[in-house]
Amino acid sequence: MTLSITVSDRFREAAADWGDDRLVDEERALETKAEQALLEIEHLVAGSSEVSFEVDGETIRHEPSDDLEAYLQRQADAYGLDPADVLALHVDLFARAFLEDEGGSGPDWSDDPRPGR
């Protein structure tokens, strides 16, 4: 089963930030962030280290592993959602993963008296 999701504004912004930091165009950044998110989800659920997906504009199409497909179906059934909607929620959770600077997500070291801080 192939699941199709539309990227959220949050995901698109994270991909743009990721791409800007690496001087990568928007299309490539979106594809890379989609791969990162899908790999994390597949790895957590199925222990997989490969994903089958394609990005077409604002749409991500993913062929989930059997384990992930079953997992998404269980969640969809439990909450009255479509499996693609559940996948979209999980992908969005990983939108800001792998970004170096989260703008205040960690401690503020600006007044740290140690050298180099």
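Residues numbered from 1 in each chain as written. Predicted model: local features only at pLDDT ≥ 70, side-chain atom pairs only at ≥ 80, totals over all residues. Heavy atoms only, no water.

**Concerning the overall build of the protein**
A tally of helices and strands in the protein yields four helices and three strands. Shown N-terminal to C-terminal, the secondary structure of the protein runs as helices and strands in the order β-α-α-β-β-α-α. The buried share of the protein, reckoned over its 117 residues, is 30%. Contacts spanning at least 24 positions in sequence make up 57% of the contacts within the protein whose residues lie at least 6 apart. For the protein, the accessible surface area stands at approximately 7300 Å², while carbon and sulfur atoms represent 47% of it. (Helix = DSSP H or I, 4+ residues; strand = E, 2+ residues; numbered from the N terminus. Buried < 20%, exposed > 50% of the residue type's maximum accessible area, 1.4 Å probe, protein only. Contact = heavy atoms within 4.5 Å. Areas by Shrake-Rupley, 256 points an atom, 1.4 Å probe, with all protein chains shown as cover.)

**Things to note about a negative patch on the surface**
A contiguous patch of negative charge on the surface is contributed by Asp20, Asp21, Asp25, Glu26 and Glu27. The set of elements that each furnish at least two residues to the negative patch consists of α1 (9–22) and α2 (26–46). Checked against the element boundaries, Glu27 lands in helix α2. Residue classification places Glu27 among the exposed positions, given a relative accessible area of 64%. (Patch = residues over 30% accessible without salt bridge, like charges linked within 9 Å, V, L, I, M, F, W, Y side chains within 5 Å. Salt bridge = Lys/Arg side-chain N within 4 Å of Asp/Glu carboxyl O. Lys, Arg positive; Asp, Glu negative; His and termini not counted. Charge placed at Lys NZ, Arg CZ, Asp CG, Glu CD.)

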